[in-house]
Amino acid sequence: MLDHLYMSLALDEARLAWLADEIPVGAVAVWRGRVIGRGRNRKEEKLSALSHAEMEVIAAASRWLGNWRLSEVTLYVTLEPCLMCAGALLQARLGRLVYGCRDPKGGAIDSLYRLAEDARLNHSFPVCSGVFAQEAATLLQDFFRSLRKKK
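What counts, and at which threshold
Residues numbered from 1 in each chain as written. Predicted model: local features only at pLDDT ≥ 70, side-chain atom pairs only at ≥ 80, totals over all residues. Heavy atoms only, no water. Helix = DSSP H or I, 4+ residues; strand = E, 2+ residues; numbered from the N terminus. Rg over C-alpha atoms; globule rule 2.2 N^0.38 Å. Axes fitted to C-alpha atoms, helices over the stretch in contact; angles between N-to-C directions. Parallel < 35°, antiparallel > 145°, perpendicular 65-115°, else oblique. Left-handed = near helix turned anticlockwise from the far one by under 90°. Contact = heavy atoms within 4.5 Å. Nonpolar A, V, L, I, M, F, W, Y, C, P; charged D, E, K, R; others polar. Disulfide = S-S within 2.5 Å. Salt bridge = Lys/Arg side-chain N within 4 Å of Asp/Glu carboxyl O. Buried < 20%, exposed > 50% of the residue type's maximum accessible area, 1.4 Å probe, protein only. Pairing = 2+ DSSP bridges.

### Here we look at the overall build of the protein chain
Helices and strands together make up the secondary structure of the protein chain, namely 5 helices and 5 strands. Secondary structure of the protein chain in N-to-C order comes out as α-β-β-α-α-β-α-β-β-α. Whereas a compact globule of 151 residues would reach a radius of gyration of roughly 15 Å, the protein chain reaches 14 Å, a difference of no more than 12%. In terms of overall dimensions, the protein chain has a C-alpha envelope of 45 × 35 × 30 Å along the principal axes.

Below you can see the structure in the form of structure tokens.
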């Protein structure tokens, strides 16, 4: 039940991204039952390829904790993390990841790669996928459909 609550907050962040003409991906970081970071895609706003929702929320959670190690943090994100973000989650020593829909073109957790469980790496973390997957996928599909209509 808590996974659904926190994923609904991540979906709210994704909707805010859409309102800012960003790809609607949102994320929240939770530590001991408390939301300590929120993030959404801001690539267009910040003119930075690094400004994915996960990167934004990792930075916010690290600032809040005063530590780059997020070993007690669960990160909720609406879309399966890409290679860059999955690598950042490993570097941050994330405690747990919960994501909404898969990303068949760029997902690095289940779709194209399985970085969270790669024994060759120095860290791994448990993953729960599919929480509000349909809602997250529909949000992305509707966003891209609206972009195509504008062109």
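There is more to say, and it comes next.
### Notes on the packing of helix α3 (residues 53-65) against helix α4 (residues 83-91)
Running from N to C, α3 and α4 point in directions that differ by 20°, and their axes come no closer than 9 Å. Accordingly, the angle class assigned to the pair α3 and α4 is roughly parallel. The way α3 lies across α4 gives a crossing that is left-handed. In contact with E54, M55 and I58 of α3, α4 contributes M84, C85, A88 and L89. Classifying every residue of the contact of α3 with α4 gives 6 nonpolar, no polar and 1 charged.

### Overview of the state of the cysteines
Simply put, disulfide is the name for a covalent bond between the sulfur atoms of two cysteines. For the coordinates displayed, the defined rule picks out 0 disulfides. The thiol of C85 is unpaired, and the distance to the nearest cysteine sulfur, on C82, comes to 3.7 Å. The closest cysteine sulfur to the non-disulfide-bonded C128 is located on C101, 14 Å from its own sulfur.

### A look at the pattern of salt bridges
A side chain with one charge may pair with a side chain of the opposite charge, provided their charged atoms come close. The tally for this structure, following the rule as stated, stands at 12 salt bridges. Close ionic contact of D12 with R15 constitutes a salt bridge, the shortest N to O distance being 3.0 Å. With D12 and R15 both in helix α1 (residues 2-19) and 3 residues apart, this pair spans about one turn of that helix. Using a relative accessible area of 37% as the deciding quantity, one classes D12 as partly exposed. Accessibility expressed as a relative area gives 39% for R15, which makes it partly exposed. Two residues, D142 and R145, come together in a salt bridge whose shortest N-O distance is 2.8 Å. With D142 and R145 both in helix α5 (residues 133-150), this residue pair falls 3 residues apart, about one helical turn. Looking at R145, the relative accessible area reads 40%, which means it is partly exposed. Connected through shared salt-bridge partners, R42, E45, K46 and E56 make up one network.

### Some details on the sheet that holds strand β3 (residues 73-79)
Paired through their backbone hydrogen bonds, the strands of a sheet run either parallel or antiparallel. As summarised here, the arrangement of the 5 strands in space is β2-β1-β3-β4-β5, forming an open sheet in which the pairing is mixed. The strands lining the two open edges of the sheet, one partner per strand, are β2 (34-40) and β5 (127-129). Pairwise comparison of adjacent strand axes, ignoring direction, gives a mean angle of 15° for this sheet. Where strand β1 (residues 26-31) lies against β2, 6 bridges are found, and the strand directions are antiparallel. Bridging from a neighbouring strand, A29 pairs with G37 of β2. Packed on one face of the sheet, α1 meets β1, β2, β3, β4 (96-101) and β5 and runs near 145° to β1. α3 contacts β1, β2 and β3 of the sheet and is inclined by roughly 145° relative to β2.

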